[in-house]
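A structural walkthrough
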Amino acid sequence: ALTAGIVGLPNVGKSTLFNAITKAGAEAANYPFATIDPNVGMVEVPDYRLDELTSLVQPKKTVPATFEFTDIAGIVKGASKGEGLGNKFLSNIRQVDAICHVVRCFDDDNITHVEGRVDPLSDIETINLELVLADLESVDKRYTRVAKIAKTKDKEAVAELAVLEKIKPVLEAGQSARSIEFTAEEMPIVKGLFLLTTKPVLYVANVAEDEVSNADENDYVKQVKAFAETENAEVIAVCARAEEEIAELEDEDKAEFLEALGIEESGLDKLIRAAYYLLGLATYFTAGVQEVRAWTFKAGMKAPECAGVIHTDFERGFIRAETVSFEDLKEYGSMGAAKEAGRVRLEGKEYVVQDGDVMLFRFNV
Ligand code: GDP
């Protein structure tokens, strides 16, 4: 499964946020094959469409899509020098698909800041620099190799060398490679380099409880946003401490707590959805009387591959899919009525499944 890794300097609120994630955790009963790793927290992806489908179909059971967060351990400073725990930090980041970078944006004299003052930009820089240095080492090594081959006019090597030459000065200037615009031709080459600073990143601004309703006005958050723009990254403001409490509440109490905080949606829910879309994930639904369920696929996947998310047999024996968009199903109220209105389509192997499609797969076994 795809996973987003939580990173950040000490004392910024990582553990607090990760606790909120595990407390809010998906009910294991629905996911018997889920990994049992204390560093992995599985959450349900909040989706109003699933709730509406449930009231429409009244199934015996509703199963949301899930998403995984990984708590990344290890020491940050000096990590790129490859010392002990620092090394582990980098190799853990290497394994995640996206990065949730938690940044301290709350003042609290009782909680020591490792650098002695709250300064989100310098915090971001500290971590990013380690990643940049690690990438620079990879790029330098690769450069020496590829430059030799490129002398023979080998086409692939020449193309890769050009990409390396584009990335190198940016890293040398201490900036992440994600700030570079790559062409469609360059993208596969960039992917093949497996750099840390090209992974999609979401900055999580951890703000004080009384700031969360108006986080956009918070000066720390403003700084983080301005920085994130320079590297095409996104920012989400949460109050980790409040999220930890919210995660333990029942729905009704949760709504009350959110109202008291002056926000409509919990920060954790916002974070889950943002991380989900950051990874290019999308959702389709199956809606039967036994079970209404949300399934995760990668945006761009075709119908057979999406069927394979449910079971490999579905992909192998795929014939076609009866498809209706969530919006249409909602408008007409039932599959039958949507069919009569001509809103249910028969789609074949080449159909690119859309976020929000309700699917019924036909297949040979
Ligand atoms: P970590 O080292 O990044 O994992 O940080 P922790 O999650 O252990 O948090 C460090 C300290 O900051 C703990 O005492 C938390 O209770 C506190 N903390 C975390 N989030 C918030 C917050 O939103 N507001 C305030 N005031 N304190 C927080």
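This text follows the structure it describes.
What comes next is a walk through the structure. Since this is a predicted model, take the numbers as computed values, not measurements.

**Some details on the overall build of the protein**
Along the protein, the regular secondary structure elements total 14 helices and 12 strands. For 365 residues, the compact-globule estimate of 2.2 N^0.38 gives 21 Å, and the protein sits close to it at 23 Å. Projecting the C-alpha coordinates of the protein onto the three principal axes gives extents of approximately 60 × 60 × 35 Å. In the protein, which comprises 365 residues, the proportion classed as buried is 37%.

**Description of the pairing of strand E8 (residues 281–287)**
In regular strands, side chains alternate between the two faces of the sheet. With 5 of 7 residues buried, E8 lies mostly within the body of the structure. As paired elements, E8 and strand E9 (residues 291–298) share 7 bridges and run antiparallel to each other. From the neighbouring strand, Leu281 faces E9, where its bridge partner is Lys298. Between the antiparallel neighbours E8 and E9 lie 3 residues.

**Comments concerning the site of the ligand**
Near the ligand you find 16 residues, and of these Gly13, Lys14, Ser15, Thr16 and Arg241 are the closest. Where the shell around the ligand is concerned, the elements lending two or more residues are helix H1 (14–23) and helix H8 (240–246). Looking at which element gives the most residues to the shell around the ligand, the answer is H1, with 3 residues.

**Overview of helix H11 (residues 303–310)**
Among the residues of H11, Ala303, Pro304, Cys306 and Ala307 are the ones counted as buried. Angularly, the buried residues of H11 cover 160 degrees about the axis, an arc narrow enough to put them on a single face.

**As for the packing of helix H4 (residues 120–150) against helix H5 (residues 155–172)**
A pair of packed helices is captured by two measures, namely the crossing angle of their axes and the spacing between those axes. Where H4 contacts H5, the two axes come as close as 9 Å, and the packing angle between them is 150 degrees. Taken together, the axes of H4 and H5 are roughly antiparallel relative to one another. Here the hand of the crossing between H4 and H5 comes out left-handed. Only Ala157, Val158, Glu160, Leu161, Leu164, Ile167, Lys168, Leu171 and Glu172 of H5 make contact with H4, whose side of the interface consists of Val132, Asp135, Leu136, Val139, Arg142, Tyr143, Val146, Ala147, Ile149 and Ala150. Here the residues of the contact of H4 with H5 are counted per class, giving 14 nonpolar, no polar and 5 charged.

**Overview of the pairing of strand E10 (residues 318–325)**
Bridge analysis of E10 against strand E12 (residues 357–363) gives 7 bridges, and the strand direction is antiparallel. Residue Glu322 lies in a different strand from E12, and its bridge partner there is Leu360. Judged from the 3 bridges that link them, E10 and strand E11 (residues 345–347) form a sheet pairing that is antiparallel. In the sheet register, Thr323 faces E11, and the bridge partner there is Arg345.

**Some words on the nonpolar core**
Counting residues in each nonpolar core, the largest one holds 68 residues, and the members touching the most others are Cys100, Val103, Tyr203, Val204, Ala205 and Val207. The element best represented in this core is H4, accounting for 8 residues. When residues of this core are sorted by domain, at least three fall in each of domain 1 (3–46 + 64–116 + 200–278) and domain 2 (130–192). Listed in part, the 25 residues of the second largest apolar core include Phe285, Ala321, Val324 and Val353.

**Here's the deal with the environment of Asp108**
Relative to the helices and strands, Asp108 is located in the loop between strand E5 (98–104) and H4. On a C-alpha basis, the gap between Asp108 and Tyr143 in space is 46 Å, while along the polypeptide they are 35 residues apart.

**Here's the deal with the packing of H4 against helix H7 (residues 219–230)**
Contact pair H4 / H7: the axes reach a minimum separation of 9 Å and the direction vectors enclose 40 degrees. It follows from the interaxial angle that H4 and H7 lie oblique. Contacts from Pro120, Leu121 and Ile124 in H4 reach Tyr220, Gln223, Val224 and Phe227 in H7. Its residues assigned to classes, the contact of H4 with H7 shows 6 nonpolar, 1 polar and no charged.

**Comments concerning unusual backbone geometry**
We note that Lys153 has phi near 65 degrees; this positive angle belongs to a residue other than glycine. Among the structural elements, Lys153 can be located in the loop between H4 and H5.

**Description of the sheet that holds strand E1 (residues 3–7)**
If you walk across this open sheet you meet the 6 strands as E2-E4-E1-E5-E6-E7, and the pairing is mixed. Looking at strand neighbours, the two that pair on one side only are strand E2 (40–44) and strand E7 (234–238), the edges of this open sheet. Here the average twist between neighbouring strands, direction ignored, is 25 degrees. Bridge count between E1 and E5: 4 bridges; the pairing is parallel. Pairing of Ile6 across the sheet is with Cys100, part of E5.

How each quantity is defined
Residues numbered from 1 in each chain as written. Predicted model: local features only at pLDDT ≥ 70, side-chain atom pairs only at ≥ 80, totals over all residues. Helix = DSSP H or I, 4+ residues; strand = E, 2+ residues; numbered from the N terminus. Rg over C-alpha atoms; globule rule 2.2 N^0.38 Å. Buried ≥ 20, exposed ≤ 12 C-beta atoms within 10 Å, placed from the backbone. Pairing = 2+ DSSP bridges. Near = placed C-beta within 6 Å. Arc of directions from axis to C-beta. Axes fitted to C-alpha atoms, helices over the stretch in contact; angles between N-to-C directions. Parallel < 35°, antiparallel > 145°, perpendicular 65-115°, else oblique. Left-handed = near helix turned anticlockwise from the far one by under 90°. Contact = placed C-beta atoms within 7 Å. Nonpolar A, V, L, I, M, F, W, Y, C, P; charged D, E, K, R; others polar. Core = buried A, V, L, I, M, F, W, Y, C linked by C-beta atoms within 7 Å. Domains from an automatic or database assignment.

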